[in-house]
Amino acid sequence: MEKEKDTQSGIGHVSGQANEPLSRPAHALDSERVVHELETNATTGLTPEVAAQRLAEYGPNDLGKEKGVQPLQIFIAQVVNAMTLVLILALAASFAIQSWIEGGVLGAMILINIVIGFYQDLQAQRTIASLNSLNSPSARVVRGGVSSTVDATTLVPGDILELKTGDVVPADARILECVNLEAEEAALTGESVPSRKDPEITFANGSDSDGSWDDVGPGDRLNVVFSSTTITKGRGRAVVFATGMFTEIGAIAAALRDQDRGTRKIKRDEHGRASPQDYVMFALGRVWDIIGEFLGVTVGTPLQRKLSKLFLIIFGLAIICAIIILAANEFAPRNDVIIYAIATAIGTLPITLILVLTITMAAGTKVMVNRHVLVRNMRSLEALGGVTNICSDKTGTLTQGKMVTRMAWLPGRGTYTVNVTNDPYNPEAGDVEFSQIQPKDIGDGTTTSKVSPIEEGESHPSLRAFLDVANLANLATVKKASDNEEGDPDSTETRWITQGDPTEIAIQVFAARFGRNIHTRPSFDDAEWNQLVEFPFDSSVKKMSVLVQSKTSGEVHVLTKGAVERVVNSCVQMTATDGAAVQITEDLKAEILSNMEALARRGLRVLAFATRTSPRSVSNEEARKGSLQREEFESDLVFRGLIGIYDPPRPESRPSVFKCHQAGIGVHMLTGDHPETARTIAREVGILPSRMELLRQDIAKNIVMTAAEFDNLTDEEIDQLPELPLVVARCAPSTKVRMIDALHRRGRYVAMTGDGVNDSPSLHRADVGIAMGLGGSDVAKSASDIVLSDDNFASILNAVEEGRRIFDNVQKFMLHVLAANVCFVTALLIGLVYKDKSGISIFQITPIEILYMLLVAGAFTETGLGFESASPDILRRPPESLKHGVITPEFLADLVVYGLLMAVCVIVSFVSVLFGWYDGYLGNNCNLRWSESCNGVFRARSTAFTVMMWMFLFFAWELVDARRSFFDGMFSNTRTWANRLWINPFLFWSVVIGFISIFPTLYIPVLNTKVFLHAGIDKEWGVVFAVTALFFLGAEAWKWAKRVYLRRNNLMLGKKVGLGEEDLEARVFQRFYNSESEK
């Protein structure tokens, strides 16, 4: 146990050392020595068994900050809060005036509220904690010779990391090899410029004067990458030597462990002194922090804070109502008057509001995980329902991300067409056809001939040069592996394994098809070339190049691929018919671009290949230090050809885009592809209308734009566009930010997808930032609000639908509790006019009845409403207005109508019985005890209580759909209608049990007359049924009136409105055809 403590605590740790000290700090040893001392293998890494043993020995790779779910704190929070305090004050007042029954019921209510709140909040916190674990950082690690993604907390010393641009380094690691690797270490070192890494450096002497390596600070350790820093450029491999509290960031965390960074600090001057005024302001601030946290107005999500403030406002109204009741009874010091005031105050308060909101949001996050959406920011749950525009990438989101090379054009040679199979990564599957015709001239009747790609690759010099680029200017790997190698010892089958970017995989598979892979052509020498330098893809130049040296001739060659326009502009020559190079003229450049557009119109993503002999020799020192400028080498190139890669749209993308149209959400495609490729895919998935020729001329010319065209416009010019472009091609990260700003200026609420490091600004700027879970960088994920675990556009729609469902459910349970509060207050205040002979107002509903209804018919049904599934038309209506939040004009209208309707029903039931059968006789002291003179009052109360209970319960079912009739389909499709009630069991049984529970309160002796102060009823049941029917009639009439109004104002679709793609497209793009616009 002592050893475990020493290897996990980080106490006494030396900077730069491993969890178990090496002979020297890692930066003072060469990489081979570090690998040796850590007892690992630089190629295959640790075995899974050794990794598990070390994880048990060293503990998880975290900083020990997460405390997890703490039941005691949750319990204390249930007791020490504003709502419980109000109920305790009411309890104390009840006992003070010796109202033992009311006090006992209040005490039971407080206890039940705490128990239910504790259990539900505990479950909610556990749900959120489990979802947070899904959001934990990941790392690419080699174990047992297999590269895989693992949870970063499972890393141990000796693991081999694979790092690339955008990764957040998960642990301190000694670099083994790298290409142009740079890391942003400002959080650790304070240095704003990224640190360039060099694995060959060894700080064995540190300071030349005394031979010590201790003088080398973290910022100078160029052969080490540090935990929590970000890879901003390049790629590499490194061996982990320190995890958890033994990392440099762990040492900082340990130093800060005893400091509470969440509390206020006293403002001090440069000498560390504070004035008396500073101390006063600090004290006032701390008091406000405590009060604000207690009241809930400074903690939680924006919606939780709003509801806490709403509770405080209602609490103020409750006090006013209590004062009115006391004043109406001339402040008589009678127990029944005081308890009447207390009951009115409690009946005014939305007791379950905050609790049900917490439960609803926790349940929503859990549902989202099942729909491939991970929530990083709870605020986004509230925001998703208001999204009006989605800006999405194309590759891997709208498309499958399983790219395959379909065509390749070599000038002077011809066009190769690949007929692929269902196994896109198998270079041995499918046929290759060849035609000497250029892509722009290929038609349906073009004749082609099948060729042997291996023979082609060996026979034609121009093709060999083309394949050199495809194979070497490429970071992807394609290899054949048996299932035996992959962990299945009983299998002899083989399959193709790929790793890398989908675009590069497609190109590498194409190269392998033509023999540039040892598995497709055993004679292939993959060590013929020595890579010197890599210039990684840069969104500003849209090119990627490598410098390679032939091991036979010693010549250095530049191999470049990238966006066609950028590569062609860097070329001065191109391959001619005889294989020789000719000067590129404007006519030849136009021919290249014409062929590119021909490929793009087929929906292919088109890249250009080019080569040249290096303008000069490159020394190993220059290559290692990365001092070469790409501009020097990426010029005067020889154009080698075009390659067309097909990424088919996901089958679910088109239906999802049309559902967005149906939901009033505009969809924009922001992609790095060529405009024609983007246009083709956008039309296929429904982002663009199918009949582009019908568009207004001023819209048609801007509906598809390039980033250069969009960025050349000023903000004023963008705002003058009748419609913002639906497709932006050749998109740069800065263009995404400008698009978001343009949408914001038009009052839109924007969700933006992103996956790269450069997407962080746009993800931050968007109202809802959406990162890709599979292909996204760690930086993009950390900047996002939600993460798609499957990188699928359909999952964005799932998130929006779930956001709207949560928004709806919050409105439902808020309306349920607040309408009941309006009913109670209205009925009790009007009831002040019913005074007995002593001048005391008589309860229409007793305090016990109110408390019973709030608990039985309120708390449980409102929790059930929080679990309610989405209404059928949730994606057939416009986005919610975030200007109003959950308290929309429709919500306020519903609140007034339903609250007054229920109040009228309660008053009518009480008056009908009291004045219909008992001549309005109010008896004597009927607020305190039963007597024969109170028979009429007690029966009228029972009637009003039963009506209110039934209305309160059935009102929950009416709110399942705020607009559709509760009886819709009851007779035409009874089974479906019944399933609609049963689909939410919690709500169903809450209503049923609440309905049944009325009868014991009416007919059990003592319980009825002594506790509830009402009596059993018989003929009064006729009033109960009649008034309940009146409530249903009023509620259904109100819903009908809303439907009529909303349909006439195009805010709701009718049942018979067409939902086919043609109907939707006509409706969505109508303003594109006439004079209207979105401005």
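The structure displayed is predicted, hence computed values, not measured ones. (Residues numbered from 1 in each chain as written. Predicted model: local features only at pLDDT ≥ 70, side-chain atom pairs only at ≥ 80, totals over all residues. Heavy atoms only, no water.)

## Remarks on the overall build of the protein
- On a plain count of helices and strands, the protein comes out with 39 helices and 28 strands.
- When the accessible surface of the protein is totalled, it reaches about 46100 Å², and 55% of it is carbon and sulfur. (Helix = DSSP H or I, 4+ residues; strand = E, 2+ residues; numbered from the N terminus. Areas by Shrake-Rupley, 256 points an atom, 1.4 Å probe, with all protein chains shown as cover.)

## Let's talk about helix H18 (residues 586–600)
- The end-to-end C-alpha distance of H18, which contains 15 residues, comes to 21 Å, matching closely the 21 Å that a straight helix rising 1.5 Å per residue would cover.
- At its buried positions, H18 is contacted by strand S10 (404–410), helix H17 (564–569), strand S19 (571–575), strand S21 (604–613), strand S22 (637–646) and helix H22 (675–685). (Expected span 1.5 Å × (residues − 1). Contact = heavy atoms within 4.5 Å.)

## Brief notes about unusual backbone geometry
- The phi torsion at Asp791 lies on the positive side, around 55°, for a residue other than glycine.
- Topologically, Asp791 is positioned in the loop between strand S28 (786–788) and helix H29 (793–830).
- Look at Asp791 and you get buried, because its relative accessible area is 9%.
- Positioned with a positive phi, Asp919 is a non-glycine residue whose angle comes to about 55°.
- Mapping Asp919 onto the fold places it in the loop between helix H31 (889–917) and helix H32 (935–958). (Buried < 20%, exposed > 50% of the residue type's maximum accessible area, 1.4 Å probe, protein only.)

## Describing the pairing of strand S4 (residues 172–184)
- In terms of burial, S4 is a largely internal element, 10 of the 13 residues being buried.
- As paired strands, S4 and strand S7 (residues 230–242) are joined by 10 bridges and run antiparallel to one another. Looking across to S7, one finds that Arg174 is bridged to Val239.
- The pairing of S4 with strand S6 (residues 224–225) spans 2 bridges and is antiparallel. Bridge pairing links Arg174 to Val224 in S6.
- Pairing of S4 with strand S5 (residues 195–196) involves 2 bridges; the strand directions are antiparallel. By the bridge assignment for S5, Ala183 is matched with Ser195. (Pairing = 2+ DSSP bridges.)

## Regarding the pattern of salt bridges
- Going through the model one piece at a time under the given rule, you end up with 41 salt bridges.
- Between Lys450 and Asp431 there is a salt bridge, with the nearest N and O atoms lying 3.3 Å from each other. One end of the pair, Lys450, is in strand S13 (residues 449–451); the other, Asp431, is in strand S12 (residues 431–435), with 19 residues separating them in the sequence.
- Residue Lys450 is classed as exposed on the basis of its relative accessible area of 61%.
- Linking Arg877 and Asp808 is a salt bridge whose minimum nitrogen-to-oxygen distance equals 2.3 Å. (Salt bridge = Lys/Arg side-chain N within 4 Å of Asp/Glu carboxyl O.)

## Describing the sheet that holds S28
- In space, the 8 strands of this open sheet follow the order S8-S28-S27-S26-S9-S23-S25-S24, with mixed pairing throughout. Among the strands making up the open sheet, the edge pair consists of strand S8 (373–375) and strand S24 (704–706). Pairs of neighbouring strands in the sheet enclose a mean axial angle of 20°, with direction left out of account.
- Summarising the sheet, S24 and strand S25 (residues 727–729) pair through 3 bridges and their orientation is parallel. Bridging across to S25, Val704 finds its partner in Val727.
- Packed on one face of the sheet, H22 meets strand S23 (666–670), S24 and S25 and runs near 150° to S25.
- Strands in contact with helix H26 (residues 733–745) are strand S9 (389–392), S23, S25 and strand S26 (750–754); relative to S26, the strand with the most contacts, it is inclined by about 170°. (Axes fitted to C-alpha atoms, helices over the stretch in contact; angles between N-to-C directions.)

## Let's talk about the nonpolar core
- Counting residues in each nonpolar core, the largest one holds 150 residues, and the members touching the most others are Ile390, Ile687, Val768, Met814, Met948, Met949 and Trp957.
- Here this core spans two domains, and each of domain 2 (302–366 + 800–871 + 880–1049) and domain 3 (386–398 + 650–791) adds at least three residues to it.
- Look past the residues within four positions of Ile687 in its chain and what remains in contact with it is Leu398, Val657, Val667, Met669, Ala682, Leu726, Val727 and Phe1069.
- Listed in part, the 31 residues of the second largest apolar core include Phe535, Val558, Leu599 and Leu642. (Core = buried A, V, L, I, M, F, W, Y, C linked by side-chain atoms within 4.5 Å. Domains from an automatic or database assignment.)

## Considering the environment of Phe514
- Mapped onto the secondary structure, Phe514 falls in the loop between helix H16 (502–513) and strand S16 (529–538).
- Here the alpha-carbon distance between Phe514 and Pro453, two residues 61 residues apart in the chain, equals 4.6 Å.
- When neighbours within four sequence positions are excluded, Phe514 is seen to be in contact with Tyr416, Val432, Pro453, Ile454, Glu456, Gly457, Leu463 and Leu467.

## Some remarks on a nonpolar patch on the surface
- Residues Leu72, Phe75, Ile76, Val79 and Val80 make up a contiguous nonpolar surface patch of about 440 Å² in total accessible area.
- As for its placement among the helices and strands, Ile76 is situated in helix H4 (residues 71–79).
- Residue classification places Ile76 among the partly exposed positions, given a relative accessible area of 42%. (Patch = residues over 30% accessible without salt bridge, like charges linked within 9 Å, V, L, I, M, F, W, Y side chains within 5 Å.)

## Concerning H29
- Between its first and last C-alpha, H29 extends 55 Å over 38 residues, near the 56 Å set by a 1.5 Å rise per residue.
- For H29, the tally of buried residues reaches 34 of 38 residues, placing the bulk of the element in the interior.
- A side-chain oxygen of the first residue of H29 lies 3.0 Å from the backbone nitrogen of Ala794; this N-cap is Asn792. (Polar contact = N/O pair within 3.5 Å; in protein donor to acceptor, adjacent residues only side chain to side chain.)

## Notes on the packing of aromatic side chains
- In the structure shown here, the tally under the stated rule is 37 aromatic pairs.
- Ring centres of Trp982 and Trp989 lie 6.1 Å apart, and the angle between their planes is 85°; this geometry places the pair in the edge-to-face category.
- With a relative accessible area of 42%, Trp982 lands in the partly exposed category.
- When the centroid spacing of 6.1 Å and the interplanar angle of 70° are considered together, the rings of Phe995 and Phe999 count as edge-to-face.
- Taking relative accessible area as the criterion, Phe999 reaches 31% and is therefore assigned partly exposed.
- Directly above the aromatic system of Phe434 lies the positively charged group of Arg413, at a separation of 4.3 Å from the ring centroid.
- Over the ring of Trp917 we find Lys1019, and its NZ or CZ is 5.6 Å from the ring centre. (Phe/Tyr/Trp six-rings, centres within 6.5 Å; stacked < 30°, edge-to-face > 60°. Lys NZ or Arg CZ within 6 Å of the ring centre and 35° of its normal.)

## A closer look at the side chain of Arg730
- With respect to the helices and strands, Arg730 occurs in the loop between S25 and H26.
- Of the polar contacts made by the side chain of Arg730, one reaches the side chain of Glu565; its length is 2.9 Å.
- Setting aside residues no more than four positions away along its own chain, Arg730 makes contact with Lys542, Ala563, Val564, Glu565, Val606, Thr671, Gly672, Asp673, His674 and Ala707.

## A few points about the packing of helix H30 (residues 847–866) against H32
- As a packed pair, H30 and H32 sit with axes 9 Å apart at the nearest point and diverge in direction by 10°. Here H30 lies roughly parallel to H32, going by the angle between them. For the pair H30 and H32, contact is made by Glu849, Tyr852, Met853, Val856, Ala857, Gly858, Thr861, Glu862 and Leu865 and by Arg941, Phe945, Met948, Met949, Phe952, Leu953 and Ala956, respectively.
- Residues belonging to the contact of H30 with H32 are distributed by class as follows: 11 nonpolar, 2 polar and 3 charged. (Parallel < 35°, antiparallel > 145°, perpendicular 65-115°, else oblique. Nonpolar A, V, L, I, M, F, W, Y, C, P; charged D, E, K, R; others polar.)

## A word on the environment of Ile437
- Looking at the element boundaries, Ile437 is found in the loop between S12 and S13.
- Setting aside residues up to four positions removed in sequence, Ile437 forms contacts with Thr415, Ile442 and Thr446.

## Section: the state of the cysteines
- This structure, assessed with the given rule, holds 1 disulfide.
- Between Cys926 and Cys934 runs a disulfide, and the two sulfur atoms are separated by 2.0 Å. Linking Cys926 and Cys934, the disulfide has an S-S dihedral of approximately -95° and is accordingly described as left-handed. One exposure class covers both Cys926 and Cys934, and it is buried. (Disulfide = S-S within 2.5 Å.)

## Points about the side chain of Arg630
- Following the sequence through the fold, Arg630 ends up in helix H20 (residues 630–633).
- In this structure the side chain of Arg630 is engaged in a polar contact, spanning 3.0 Å, whose partner is the backbone oxygen of Lys543.
- What Arg630 contacts, discounting residues up to four positions off in sequence, is Phe535, Pro536, Asp538, Val541, Lys543, Met544 and Ser545.

## Describing the confidence of the model for the protein
- The predicted model of the protein averages 82 in pLDDT, with 87% of residues at 70 or higher.
- At the level of individual helices and strands, the protein shows its lowest average pLDDT in helix H1 (residues 2–9), which scores 46, and its highest in S22, which scores 94.
- Confidence drops under a pLDDT of 50 for residues 1–6, and excluding neighbours within four residues, the segment shows 4 contacts in the predicted structure.
- Contacts for the low-pLDDT stretch residues 257–262, under 50 throughout, to residues beyond four places or in other chains number 6 contacts. (pLDDT = per-residue confidence, 0-100.)

## Side note on the pairing of S16
- Pairing geometry for S16 and strand S17 (residues 543–550), over 7 bridges, is antiparallel. The residue of S17 that forms the bridge with Glu534 is Val546.
- Hairpin connection between S16 and S17: a loop of 4 residues separates the two successive antiparallel strands, and Lys542 in this loop has a positive phi of roughly 55°.

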